[in-house]
Amino acid sequence: MDNKEKKVEVIKSATIRFTGDSGDGMQLTGSQFTSTSAIVGNDLATFPDFPAEIRAPAGTVPGVSGFQLNFSSEKIHTPGDSPDVLIAMNPAALKANIADLKTNGILIVNTDSFTDKDLEKAGYKESPITTDLKNKYQVIEVQISKLTGIALEEKNLSSKEIDRTKNMFALGMTYWMFSRPLDPTIKWIEDKFKGKEDIIEANIIVLKKGFHYAETAEIFISQYQIPGAKLEPGTYRNITGNSAIVLGLVTASYKTHLPLFLGSYPITPASDILHDLSKYKNYHIYTFQAEDEIAAVSAAIGSAYAGGLAVTSTSGPGVCLKSEAINLAIMAELPIVIVNIQRGGPSTGLPTKTEQSDLLQVLYGRNGESPLVVISASTPTDCFDVSLESVRLALKYMTPVFLLSDGYIANGAEPWRIPNTDELPEITHNQITSFPEPKFRPFARNEETLGRHWAIPGTPGLEHRIGGLEKDYHTGNVSYDPNNHEKMVHTRAEKIAGIANDIPDQEVYGEKKGKLLVVGWGSTFGAIRSAVENFNEKNPDKKVSHAHVRYLNPFPKNFKSLLESFDTILVPELNLGQLSFIIQGNFGIKVEKLNKVKGRPFTIQEVQQKIEELIQ
Amino acid sequence: MTIALTKKDFASDQDVRWCPGCGDYGILSAIQKTMPELGIPKEKVVFISGIGCSSRFPYYMNTYGFHTIHGRAPSFATGVKITNPELSVWVITGDGDGLSIGGNHLIHSIRRNLDINIILFNNEIYGLTKGQYSPTSERGTVSKSSPYGSLEAPFKPISIALGAEASFVARTHDKNQKHMSDIFLRAAQHKGTSFVEVLQNCVIFNDGIHDPVYGREVREDNTITLEHGKPMIFGKNNDKGISLDGSKASIVDITKEGLDAVSIHDENRENPDHAFVLSRMMQPHYPVPMGVFRDVERPTYETQLHAQVNQVEREKGEGDLKKLLFSDETWEVK
């Protein structure tokens, strides 16, 4: 046995990417690796990446599905730039991903899928596993399909059923490689396939075979260990951005004591919000799958009018359709949260890929002067906090609030320290049951917030009519008076602008003045923060700062002066410069831009390079 | 003790700004007259409208009201009714608003059978946008946007409602206060979506369009009043009747064929076929039916939704926020 004892190398972090055909179960393999890594205490971040088609032709490059995971014994912010380990279940997966693999990284291929037919489908004339490839990477060729077949030889299963378990073989191998326990996945398999004993048994056998194969076949040079990270004490779970929004909204319903209403129409990558909330009926959550996006938002506004905690969830193309109704909510001054999980555009664009290109749309994509609140989430866990904040502002100021997320954080996961809900503050709202004057004035306002009262149907004595037509400032009746309209336009604008007094100052990571400030928003947080950290570590004398903006309308009060305290402002965005445009237009401050529109998040390296370029 | 409300209690303090002679006045009056009869306090009544002349309606009712956006009133009503099922919700729409831009929402709200009342004012023209042909205009209608005649086949609102599985469908017209009021009362009492088409006159852009149907001179010959359980008789001397046979309606001369040849109107027929045949009857070949075409029981959307919430709560127990946040695999960091 001694000769089989490997040296276990302790390392800080690793990035692994599982890739295969969209039918190969790569998302599942990735999420299992994620759960197990979380349980052993690593900090982690994931990046699931899948095709828009349900099943693109098997074995082709458009059908490749991938799941990347960065796990570490230290605090990390991104799923990692380039994988240390790439698992390619077929030639198409290899073709689509090999360029990303780190030089000298480990490439595990399922050689059984490197047949002439599969090579051709992937667009290879001959096998890509050449000497060149082997010189550049540590190539590990494994007959995964065949070994899976042998493992289940004596089981009474169809070849299709056997083939479906081969992802467990790959998972088992990587578990051994990174010294992960098998138990959590075994438990998961037993749960998932309850009642199908033969399938449970097959998956567990194959998982163990993969593990033992890696152990005995000596295919890896080393076995690695990544100790648990020093995270803040508490109870943790993994959470994706979309599920964090769902839990945030349910929590908001508790904290407001209002029934939650979600009006939604299925759209990628936002549908999971509808799916999850639909499950939680016993939390007094009313979900409504509407006939279209317009009905979805209109029903939500109807709910807000009737006193509900109203939410609608969608992605950019859905926002286009909802815009007219959102403007009505602005005019009628009703509270509603509009969740926009952005994706590549314009039009249908890249449904499953990420982008940050709806900022100008949500700020300005409506007729008339129609201000509303826009806030953005930066990480999957941040989605929880941002949901609560959206609800707080919507109710206090009687306004629609846009919550911006995107495909990258919506599906990406990270460990989340579960908050103590008792310690979260109650969220107040403006509902009234009586009015001090004999005649109710529906647009009478709180002097400080300018938020109007919320008199809900069913309340005696407060009967009133609202709508999209301009209202008289005093009586709330329809008014076409030019001076009144101007006053109302200003009032609605001041109401939103005044929210700057109710949000925290813009925080800065690093010095509050200096040579370079990197300004980001949304899901670019991780790449920017890591790039700034890396740069500062390498260049302790040339400190760079980072401001990550959560509040995009209104901006924090100190934002302008902060921007003015730096020689150069760099704004990296997954668009052609939308925040840059706003900063330049609002504050007259020239900014440097870093833009990417490939349907993929920034790598740390990309941002770091730009910083280095700007600060020699 | 509740004080009995009167018609006046339902009139708001706003000036009614429809054109003089507009059919909307009659409808407003009939609804205000019906309201006290419902026995519902006015704070529990909500009028929701889209865009158009008819959609200014909520401003004139001293109840809760929401003047929304083009065609979407049924969707706003859906959110209101789900959030507070105790409210009496009325959707006021027109032929353009409800059948053109809002056609999708109209059919889906009827399909869901929310307990709301949809009143569609049909004047076969766009009024507020100043006189373009509408989805109910006859083919060949000359209007601002169809100077050489419209090319489109008109919708028959009642047929659409029946096609969308409506549980209550009725028609009335703006010249008959009593009938309108009766129909609105029936609509309000129906549990489920009530769809009422009101033939309405646009004095400016389509004056007299319904005169061939309900003009004083022709009314008795050109309309037929549907009454449940009664033979379908019409005509000045009550000498004509309707016989329904499969997909065909024929006119019976009672003096020759006798009363037995006339079909009995049955609002409660589960099968919508007869109601559908009646919905196809129009001038000049048939008298136009007024009254209730269909009144059947179907579960309402909001009742089912709230029942489902209660059912899940019974099965799973009342939602526990902490349990929810701590669900999924958790681990402890010390």
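Residues numbered from 1 in each chain as written. Chains lettered and ligands numbered in written order. Predicted model: local features only at pLDDT ≥ 70, side-chain atom pairs only at ≥ 80, totals over all residues. Heavy atoms only, no water.

1. A few points about the overall build of chain B
Okay, step 1: For chain B, the helix and strand inventory stands at 12 helices and 12 strands.
Okay, step 2: By the compact-globule yardstick of 20 Å for 334 residues, chain B fits well, its C-alpha radius of gyration being 22 Å.
Okay, step 3: In terms of principal-axis extent, the alpha carbons of chain B reach across some 95 × 50 × 45 Å.
Okay, step 4: Taking all 334 residues of chain B together, the buried fraction comes to 56%.
Okay, step 5: Long-range pairs, those at least 24 residues apart, make up 66% of the contacts in chain B with a sequence separation of at least 6.
Okay, step 6: Carbon and sulfur atoms provide 51% of the accessible area of chain B, an area that totals close to 14600 Å².
Okay, step 7: If you average the places of the 36 positive and of the 42 negative side-chain charges in chain B, the two averages end up 3 Å apart. (Helix = DSSP H or I, 4+ residues; strand = E, 2+ residues; numbered from the N terminus. Rg over C-alpha atoms; globule rule 2.2 N^0.38 Å. Buried < 20%, exposed > 50% of the residue type's maximum accessible area, 1.4 Å probe, protein only. Contact = heavy atoms within 4.5 Å. Areas by Shrake-Rupley, 256 points an atom, 1.4 Å probe, with all protein chains shown as cover. Lys, Arg positive; Asp, Glu negative; His and termini not counted. Charge placed at Lys NZ, Arg CZ, Asp CG, Glu CD.)

2. Side note on the overall build of chain A
Okay, step 1: Regarding its fold elements, chain A presents 21 helices and 22 strands.
Okay, step 2: Compactness check: chain A gives a C-alpha radius of gyration of 27 Å against a globular reference of 25 Å for 616 residues, within 12% of the reference.
Okay, step 3: Taken along its principal axes, the extent of the C-alpha atoms in chain A is 90 × 60 × 45 Å.
Okay, step 4: The burial tally for chain A puts 62% of its 616 residues in the buried class.
Okay, step 5: Summing over all exposed atoms, chain A offers an accessible surface of approximately 24200 Å²; the carbon and sulfur share of this is 49%.
Okay, step 6: Averaging the locations of the 63 positively and 73 negatively charged side chains of chain A gives two centres separated by 1 Å.

3. Remarks on the interface of chain A and chain B
Okay, step 1: Counting residues at the interface gives 73 residues for chain A and 59 residues for chain B.
Okay, step 2: The contact between chain A and chain B buries some 5600 Å² in all, and 62% of this surface belongs to carbon and sulfur atoms.
Okay, step 3: On the chain A side of the contact with chain B, A:N282, A:E291 and A:R465 bury the most area, a combined 13% of that side's loss.
Okay, step 4: In this assembly, chain A and chain B are joined by 5 salt bridges.
Okay, step 5: Among the salt bridges present, the one from B:R112 reaches A:E291, with a minimum N-O distance of 2.7 Å.
Okay, step 6: Counting only elements with at least two residues in the side of chain A that touches chain B, the list comes to α1 (26–39), β9 (234–240), α10 (241–256), β11 (285–289), α12 (293–305), α13 (316–332), β16 (413–417) and β17 (465–467) of chain A.
Okay, step 7: With 8 residues, α12(A) is the largest single contributor of residues to the side of chain A that touches chain B.
Okay, step 8: The pairing of β17(A) with strand β2 (residues 64–67) of chain B spans 3 bridges and is parallel. Each bridged residue has a counterpart across the sheet, and for A:I466 the counterpart in β2(B) is B:F66. (Buried area = accessible area lost by both parts, 1.4 Å probe. Salt bridge = Lys/Arg side-chain N within 4 Å of Asp/Glu carboxyl O. Pairing = 2+ DSSP bridges.)

4. Focus: the nonpolar core
Okay, step 1: Among the nonpolar cores identified, the biggest contains 158 residues, and A:V519 and B:F66 are the most heavily contacted of them.
Okay, step 2: The element best represented in this core is helix α15 (residues 382–397) of chain A, accounting for 9 residues.
Okay, step 3: By size, the runner-up hydrophobic cluster in this structure holds 51 residues, among which are A:F18, A:L152, A:A170 and A:L231. (Core = buried A, V, L, I, M, F, W, Y, C linked by side-chain atoms within 4.5 Å.)

5. Focus on the sheet that holds strand β4 (residues 116–122) of chain B
Okay, step 1: Pairing is mixed in the open sheet, where 9 strands are placed in the order β17(A)-β2(B)-β1(B)-β3(B)-β4(B)-β6(B)-β5(B)-β11(B)-β7(B). Strand pairing shows two members of the sheet lacking a second neighbour, β17 of chain A together with β7 (223–226) of chain B, which therefore form its edges. Each strand of the sheet is rotated relative to its neighbour by a mean of 20°, with strand direction disregarded.
Okay, step 2: By the bridge criterion, 4 bridges tie strand β1 (residues 45–49) of chain B to β2(B) in an arrangement that is parallel. Bridging from a neighbouring strand, B:I48 pairs with B:F66 of β2(B).
Okay, step 3: Sitting on the sheet, helix α2 (residues 73–83) of chain B is in contact with β1, β2, β3 (88–94) and β4 of chain B, with an inclination near 175° to β3(B). (Axes fitted to C-alpha atoms, helices over the stretch in contact; angles between N-to-C directions.)

6. Focus: the packing of α1(A) against helix α7 (residues 166–177) of chain A
Residue and element names in this part refer to chain A.
Okay, step 1: Between α1 and α7, the shortest axis-to-axis distance is 10 Å and the interhelical angle comes to 30°. Between α1 and α7, the angle is such that the two are roughly parallel. Our pair here, α1 against α7, has a crossing hand that is right-handed. Touching M26, L28, T29, Q32, F33 and T36 of α1 are N167, M168, L171, T174 and Y175, all from α7.
Okay, step 2: Its residues assigned to classes, the contact of α1 with α7 shows 6 nonpolar, 5 polar and no charged. (Parallel < 35°, antiparallel > 145°, perpendicular 65-115°, else oblique. Left-handed = near helix turned anticlockwise from the far one by under 90°. Nonpolar A, V, L, I, M, F, W, Y, C, P; charged D, E, K, R; others polar.)

7. Considering helix α9 (residues 197–216) of chain A
All names here are of chain A.
Okay, step 1: With 20 residues, α9 should reach 28 Å at 1.5 Å per residue; the first-to-last C-alpha distance of 28 Å fits that figure.
Okay, step 2: Taken together, the buried positions of α9 are occupied by I199, I200, A202, N203, I204, V206, L207, G210, F211 and A214.
Okay, step 3: Tucked into the core, α9 has its buried residues touching α5 (144–151), α6 (159–164), α7 and α8 (183–192). (Expected span 1.5 Å × (residues − 1).)

8. Observations concerning a negative patch on the surface
All names here are of chain A.
Okay, step 1: A contiguous patch of negative charge on the surface is contributed by E190, D191, E197 and D198.
Okay, step 2: Those elements that place two or more of their residues in the negative patch are α8 and α9.
Okay, step 3: On the secondary structure map, D191 appears in helix α8. (Patch = residues over 30% accessible without salt bridge, like charges linked within 9 Å, V, L, I, M, F, W, Y side chains within 5 Å.)

9. Re the packing of helix α18 (residues 525–538) of chain A against helix α21 (residues 604–614) of chain A
Residue and element names in this part refer to chain A.
Okay, step 1: Contact pair α18 / α21: the axes reach a minimum separation of 8 Å and the direction vectors enclose 50°. The angle between α18 and α21 places the two elements in the oblique class. Here the hand of the crossing between α18 and α21 comes out right-handed. Of the residues in α21, those in contact with A527, I528, S530, A531, V532, N534, F535 and K538 of α18 are I604, V607, Q608, I611 and E612.
Okay, step 2: The residue makeup of the contact of α18 with α21, split by class, is 8 nonpolar, 3 polar and 2 charged.

10. Description of the pattern of salt bridges
Residue and element names in this part refer to chain A.
Okay, step 1: Within the structure shown, the criterion is met by 43 salt bridges over all chains.
Okay, step 2: A salt bridge links K596 to E606, with the nearest nitrogen and oxygen atoms 3.0 Å apart. Of this pair, K596 sits in the loop between β22 (592–595) and α21 while E606 sits in helix α21, placing them 10 residues apart in sequence.
Okay, step 3: A residue is classified by how much of its surface remains accessible, and K596, at 9% relative accessible area, is buried.

11. Description of α1(A)
All names here are of chain A.
Okay, step 1: The terminal C-alpha atoms of α1, which comprises 14 residues, lie 20 Å apart, in line with the 20 Å expected from a rise of 1.5 Å per residue.
Okay, step 2: The set of residues buried in α1 consists of M26, T29, G30, Q32, F33, T34, T36, S37 and A38.
Okay, step 3: Directly after α1, the chain includes G41, whose backbone phi takes a positive value near 95°.

12. Examining the sheet that holds strand β19 (residues 544–549) of chain A
Each strand in a sheet pairs with another by means of backbone hydrogen bonds, the pair being arranged parallel or else antiparallel.
All names here are of chain A.
Okay, step 1: On the basis of which strands lie adjacent, the open sheet formed by 4 strands has the order β19-β18-β21-β22 and parallel pairing. Each edge of the open sheet is held by one strand with a lone partner, namely β19 and β22. Direction aside, the axes of adjacent strands within the sheet are offset by 25° on average.
Okay, step 2: Alignment of strand β21 (residues 566–573) against β22, held across 4 bridges, turns out to be parallel. Across the sheet, P572 pairs through a bridge with L594, a residue of β22.
Okay, step 3: Contacts from α18 reach β18 (514–521), β19 and β21 within the one sheet, and its direction differs from that of β19 by about 165°.
Okay, step 4: Against the sheet, helix α20 (residues 578–587) engages β18, β21 and β22, with an angle of about 145° to β21.

13. A few points about the confidence of the model for chain B
Okay, step 1: Per-residue pLDDT for chain B averages 96, and the proportion of residues at 70 or more is 99%.
Okay, step 2: Both scores are given for the predicted complex: the pTM is 0.95, the ipTM 0.97. (pLDDT = per-residue confidence, 0-100.)

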